[in-house]
Structures are given as structure tokens and as C-alpha cells.
Amino acid sequence: MLGTLLLKPMQTKILYPDPEAYALASDLLNRGQLVAFPTETVYGLGANALDRNAVLSIFAAKGRPADNPLIVHIYDRAQLSDLCTVSPLARPLMDAFWPGPLTMLFIRKPAVPPEVTAGLPTVAIRMPSHPVAAEMLKTCGLPIAAPSANSSGRPSPTTTAHVLEDLNGKVPLILDGGACDVGLESTVLDLCHDQPTILRPGGVTKEMLESVLGREVLLAGSILRPLAENEVALSPGMRYKHYAPKGTVTLIEGPEERTVPLLRRLCLEQKQAGKKACVLCFTEHLGALSDCDPHDIGSVSSPDEIAHRLFDTLRRLDEEGMEIVFSEVIPPEGMGLAVMNRLGRAAAFRIIDA
Ligand code: TXA
Ligand code: MG
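Residues numbered from 1 in each chain as written. Chains lettered and ligands numbered in written order. Predicted model: local features only at pLDDT ≥ 70, side-chain atom pairs only at ≥ 80, totals over all residues. Heavy atoms only, no water.

Q: Got a sec to walk through the domain arrangement of the chain? Specific residues and values, please.
A: Taken domain by domain, the chain consists of domain 1 (2-224) and domain 2 (248-353). Taking only C-alpha atoms into account, the centre of domain 1 sits 29 Å from that of domain 2. With 27 residues of domain 1 at the interface, the matching set in domain 2 holds 20 residues. At the boundary of domain 1 with domain 2, total buried surface from both sides reaches about 1800 Å², with 60% on carbon and sulfur atoms. (Domains from an automatic or database assignment. Contact = heavy atoms within 4.5 Å. Buried area = accessible area lost by both parts, 1.4 Å probe.)

Next up, the structure:
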């Protein structure tokens, strides 16, 4: 009953952020409805975090499994005291990285409905730096639960067009803030256990966190490999197939004098067999792979650029009906770790060593 009610189709309005748009967004959010909005990482699908029915409608619109918890977005640290117990370790990290692409887990307070946290004792909190997100949060005055504004299982949206592809008719308003800067979702950091642990790598890197904390930050095991059977996911989102285009993606690693010829050979073999095949390659290798329908993932020397483009590239593969895709890889350091986490999962961790 609730499901059918929530999924009643509606017209999706797209507005450039101006005072009227913020007023409408605030009105919708305060009435328990959804608003899609830009952040510096990816677009979010927001609802009042304190209203369980509003939160349930996020899950319905995305087709998201109910056991995958949401991040709560705030614009002011004064909002924290109602939501969670903040660990002292978090203060210097807030000083250094908020507002920005860092999500931290804290012990949840009862005001946060269990629908937000999927029944977990912890709640994930983030203060986005995107001016449109900040203004929307301020105008509505609510903590906003927001996952990425994609259909569950698709790459996260980094433009309004991506949001519309997945959620047209399922959200009354999209605030259009152009393309997201970072392009990959925030770093999720667990501060509720003995050692600070990154559950999902993002724009705030392990190295950046360690330099502020002055101690080692661990990486959850499943960041660069699939979860083992029976292994408990520290972050429920890690259990789900994600970021995966419809075609089969395979990563090719090794020195470039070997990877580039191998990418070319594998791709041309598939093309000769009648498959729709292409390569994802660095800007520097576009020439050498020109007969392989090369898709430019960005310069080998710029992991930030690769991050910024990755989800758009993955979405385009589906539009083009690609069946077989071979991709270059970058070292999993700094922003490269976040890129390789997403690319690895897009490839179901299929990797060939050249
Ligand atoms: O950049 C971002 O974080 C974007 C923007 C919109 O803020 N949001 C986002 O949300 O990526 P979502 O729902 O797509 O991803 C949230 C991730 C999921 O992997 C989820 O399992 C994890 O955070 N998460 C949320 N709450 C958690 C908790 N209490 N414990 C462990 N993991 C949690
Ligand atoms: Mg997501």
C-alpha cells in the first residue's frame, strides 16, 4: 500500500538554484517529499532524516534494499547533538575536512529513525561543501538523509541529466547545480571501533586523514577485492553490485608497454567476433588505441580528472550498448584508491595482469 502510494508518478521539475527554488525545496522537504540536489561529490536524493515515511520514500524511488543505511547531511555542527554522540577523534577531522567529502560514523541518538540507519547503532554524517547543498540545508533547517540520486545499482549521478535518466517522474524537484566537482562519493570513515577505518574511499584520502590524526587509518578489506562468502560487510553498501555497466568490464594491469598492446589485441579479437567492444584508456593512449573505439578516462597523471569523469563514462557505455569493455588502471594511491574501488567493482574485480 505504502509502496504504491509512494511510487505514484509525478512531474519532475528542474530548477536553477535561486531564492524561489530554495523556497520550493524547503517546502517539499518540510512536507516529507524528496528533492534531488547537487553536492561536491555526486547528486543526492534528499528527504527529512527525522521523518520515517519521507525516508522510506527514498528507498522506494531508488529501488534500494532496506538494509543499506543512508548518510545524514547537515550544514552546521550544532545539528549534531540531536543526532549522535560525537567521538573526540572526529573534532580535528571536522576542522580539517568539513564542509567537504568526508562522512563519519557516530553512535546514533534515538531521534534518528532506524529506517535511516537500517537498524544499525551508528549513523553516518556529512557536511557537504557544495554551495547549493549548503543553502538548501540551511533554508529547510532539517537534517537531510540522502543517498546518491541514482537507481540502485547504477553509477552515481554527477549531472542533472544523470538524475533525470534514473528518477524522472519519481522526484518532484531537482536543483540543477551543473556537474559535480569530485565525481565520486564521499569517503566513509568509521570512528566507532578501535582503529579509524575507511569503509569507502573518496575525495578525502587515507593519507590526508592520517596526516591530521597522526596515526594509521585502516582500509576495510573489501575495498579492492570482492567480499568473501560469509564475510560481514562493515558498510552494508559494499555488499551490493554497484557502478556496474551492463557490459562485461575487464581491467588490464601492468607496465604500459605491455598493457596498451594487450588492450588492443583483446578488444580487436572481440570486435572480429562480432561483439560491441571498446577500451577505456588514458588520454595519452588514445592514438595507440584509435581502432578500438577508445573512451578517454583522463590523463594518466590526473587521478582527480579520472574520478571526475568515471561515472559519466560508465553510463555512456550502457547508452552505446557496449558488451565488452577493457580498461586501463591507475595506482590505488591517493584519489587513485577511490577510482580503483569503483572501477574494480564495475569490473566485478576481473583483472588481467599483462
Ligand atoms: O558523497 C556521498 O556520500 C553521496 C552524497 C549524496 O552525499 N551520498 C552517498 O550515499 O553516496 P549512498 O547512500 O549512495 O552511500 C552511502 C554509503 C553506503 O555504502 C552505506 O552502506 C554506507 O555509506 N553507510 C551509511 N550509513 C552507514 C552506517 N551506519 N554504517 C556503515 N556504513 C554506512
Ligand atoms: Mg549510492
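Additional details are given in the paragraphs that follow.
Q: Before we move on, could you go through the pairing of strand 13 (residues 248-253) and cite the residues and values that matter?
A: Two faces, one strand: in a regular strand the side chains alternate between the faces of the sheet. By the bridge criterion, four bridges tie strand 13 to strand 16 (residues 324-327) in an arrangement that is parallel. What sits directly across from Thr248, in strand 16, is Ile324. Bridge analysis of strand 13 against strand 17 (residues 351-353) gives three bridges, and the strand direction is parallel. Bridge pairing in strand 17 places Ile252 opposite Ile352. (Pairing = 2+ DSSP bridges. Helix = DSSP H or I, 4+ residues; strand = E, 2+ residues; numbered from the N terminus.)

Q: Report on empty space enclosed by the protein, specifying residues and quantitative values.
A: Taken as a whole and assessed by the stated rule, the structure comprises one cavity of 30 Å³ or more. Put simply, the largest cavity is a space of about 30 Å³. Taken together, Ile198, Pro201, Gly202, Val204, Thr205, Lys206, Gly334, Leu337 and Ala338 form the lining of the largest cavity. Partitioned by chemical class, the residues of the lining of the largest cavity number five nonpolar, three polar and one charged. Structurally, the lining of the largest cavity is a two-domain feature, drawing no fewer than three residues from each of domain 1 (2-224) and domain 2 (248-353). (1 Å grid on protein atoms, 1.4 Å probe; cavity = no way out; pocket = protein on both sides within 12 Å on 5 of 7 lines; lining within 4 Å. Points joined across faces, edges and corners; volume = space filled by probe spheres on them. Nonpolar A, V, L, I, M, F, W, Y, C, P; charged D, E, K, R; others polar.)

Q: A description of unusual backbone geometry should follow, citing residues and the corresponding values.
A: Keep in mind that most residues, glycine aside, have a negative phi and that most peptide bonds are trans. Omega for the peptide link from Trp98 to Pro99 comes to -10°, which places this bond in the cis form. By secondary structure assignment, the location of Pro99 is in the loop between helix 5 (90-97) and strand 6 (102-108). With a phi close to 55°, Ala118 is a non-glycine residue in the positive phi region. With respect to the helices and strands, Ala118 occurs in the loop between helix 6 (114-117) and strand 7 (122-126).

Q: Explain helix 8 (residues 160-167) residue by residue, including any values.
A: Among the residues making up helix 8, those that are buried are Thr160, His162, Val163, Asp166 and Leu167. All buried residues of helix 8 project into a common sector of 160° when viewed along the axis, lining one side. In this structure, the buried side of helix 8 is in contact with strand 1 (13-15), strand 2 (35-37), strand 3 (44-48), helix 3 (52-62), strand 9 (173-175) and helix 11 (303-319). In the stretch just after helix 8, Gly169 is the one whose phi turns positive, near 85°. (Buried < 20%, exposed > 50% of the residue type's maximum accessible area, 1.4 Å probe, protein only. Arc of directions from axis to C-beta.)

Q: Run through the sheet that holds strand 15 (residues 294-298), naming residues and quoting values.
A: Strand order in the open sheet formed by five strands is 15-14-16-13-17, and the pairing between neighbours is parallel. One side of each edge strand has no neighbouring strand; the edge strands of this open sheet are strand 15 and strand 17. The sheet shows a mean angle of 25° between the axes of neighbouring strands, direction not considered. Taken together, the four bridges between strand 14 (residues 277-282) and strand 15 define a ladder with parallel strand orientation. The residue of strand 15 that forms the bridge with Phe282 is Gly298. (Axes fitted to C-alpha atoms, helices over the stretch in contact; angles between N-to-C directions.)

Q: Describe helix 10 (residues 256-272), and please don't skip the residues or the numbers.
A: Think of an α-helix as turning once every 3.6 residues; residues three or four places apart then point the same way. The first and last C-alpha atoms of helix 10 sit 24 Å apart over 17 residues, in line with the 24 Å expected at 1.5 Å per residue. Those residues of helix 10 that sit buried are Thr259, Val260, Leu262, Leu263, Leu266, Cys267 and Leu268. Taken together, the buried residues of helix 10 touch strand 13, strand 14, strand 16 and strand 17. With its phi angle positive at about 90°, Gly274 sits one or two positions after the end of helix 10. (Expected span 1.5 Å × (residues − 1).)

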